[in-house]
Amino acid sequence: NDPATTPKTRQQLKLVQRLRDFASQELGLPDNRSYRSYADLERPFAIWNVFATPELSLAPKQWCFVFAGCVSYRGYFAREQAEKFTADLKRDGYDVYVGGVPAYSTLGWFNDPLLNTFINRTEADLAGLLFHELTHQVLYVSGDSAFNESFATVVELEGVKRWFERHGTTQQAEAYRQKIRRRGQFTVLVLKHKARLAEIYASSSSDAEKRTAKTRVFVELRSDYTALKANWGGQADYDKWFAQDLNNAHLAAIGLYHQHVAAFQKLLALHRDDLTAFYRSVEEIAKLPKAERATALGRNLSGANNRVRFLPELSV
């Protein structure tokens, strides 16, 4: 109602009101004050995450915190501080990547606001972000980022699909499906080359030979993306990612959001797409020790059928 609010922002805020109600009423996500207020941070990202890996390893450096547990990144509210920390890591010989993050969840400790950093996203992207972040308030397992992010990604995908089935158009739904397919293909491409790097780093080759092979893999990754992009009809979804000086750290986050996606989708299918029952099962699995959680999810994946409908989502 503020007269200073632009028509575009007002339109997006009204859309979020509908999405927010849908999230609680149709997806069983928390009905609280999160994403029912708005703040302009006057900067392009909410935080900047720093990822770091050794020069000849894909094992990400971890940092541990009181509530979040151990995670494979370190977040900063000011880019300058993130860059300063990055410089220190580089001096210690790490491959480093700094990525801007438009939103994050306080896991229900606070009422997360809508931010200028993501309010102007497309309808599909805005819906996906809200559903994803609200899912972290349903369940968050300290120290298991792959579990948390895969779970949230599956709810995100299912939620956006249902939103367009009820409130969108056939064209919007198809555009979203095509985008998901491209994201899945991008992920498969990167993980293929990531696996090649893992073999190289684990080999008995000298460090000099490993460095040469590492350079070759990144060159081939770029070449394969060019071919993939041609198959997309020139869609430039990941041009910005490939425009960077890629290193091991850029690969650290790829796969984090997807490691257990297929298994969670299988579990949802086993519950006949009943999200409430799905949440209860996930909560039971979350109570297991970390190694046993992965085993339990693996059992869901074995024999997965074609009801696992969507390729993984990715935030870049």
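Up top is the structure.
These lines cover the structure that appears in this document, whether it is placed above or below. (Residues numbered from 1 in each chain as written. Predicted model: local features only at pLDDT ≥ 70, side-chain atom pairs only at ≥ 80, totals over all residues. Heavy atoms only, no water.)

What to know about the pattern of salt bridges
Step number 1: Applying the stated rule across the entire model yields 20 salt bridges.
Step number 2: A salt bridge links R211 to E55; its shortest N-O distance comes to 2.6 Å. Here E55 lies in the loop between strand 2 (47-54) and strand 3 (63-65) and R211 lies in helix 6 (residues 207-231), a separation of 156 residues in the sequence.
Step number 3: Of the residues examined, R211 reaches a relative accessible area of 36% and is grouped as partly exposed.
Step number 4: D224 is the partner of K192 in a salt bridge, and the nearest nitrogen-oxygen pair spans 3.5 Å. Highlighted residues: K192 in helix 5 (residues 170-202) and D224 in helix 6, separated in sequence by 32 residues.
Step number 5: A residue is classified by how much of its surface remains accessible, and K192, at 45% relative accessible area, is partly exposed.
Step number 6: When its relative accessible area of 28% is taken as the criterion, D224 is described as partly exposed.
Step number 7: Within this structure, E158, K161, R162 and E165 form a network of salt bridges that share partners. (Salt bridge = Lys/Arg side-chain N within 4 Å of Asp/Glu carboxyl O. Helix = DSSP H or I, 4+ residues; strand = E, 2+ residues; numbered from the N terminus. Buried < 20%, exposed > 50% of the residue type's maximum accessible area, 1.4 Å probe, protein only.)

Description of helix 4 (residues 145-167)
Step number 1: Under the 1.5 Å per step criterion, the end-to-end length of helix 4 is 32 Å for 23 residues, consistent within 8% with the ideal 33 Å.
Step number 2: Across the 23 residues of helix 4, 20 count as buried, placing the element largely inside the fold. (Expected span 1.5 Å × (residues − 1).)

Topic: the state of the cysteines
Step number 1: Counted by the stated rule, this structure contains one disulfide.
Step number 2: A disulfide bridge connects C64 with C70, and the sulfur atoms are separated by 1.9 Å. In this structure, the disulfide formed by C64 and C70 twists by about 100° around the S-S bond and is classed as right-handed.
Step number 3: C70 gets classed as partly exposed once you look at its relative accessible area, which sits at 25%. (Disulfide = S-S within 2.5 Å.)

Details of the side chain of D112
Step number 1: Mapping D112 onto the fold places it in the loop between strand 6 (94-101) and strand 7 (114-115).
Step number 2: Within the buried set, D112 has no salt-bridge partner at all; the shortest N-O distance to an opposite charge, 8.8 Å, is to R20.
Step number 3: Residue contacts for D112: discarding those within four places in its chain leaves R33, S34, Y35, Y104, S105, T106 and Q137. (Lys, Arg positive; Asp, Glu negative; His and termini not counted. Contact = heavy atoms within 4.5 Å.)

Note that every value here comes from positions in space, so none of it alone points to a role or purpose.
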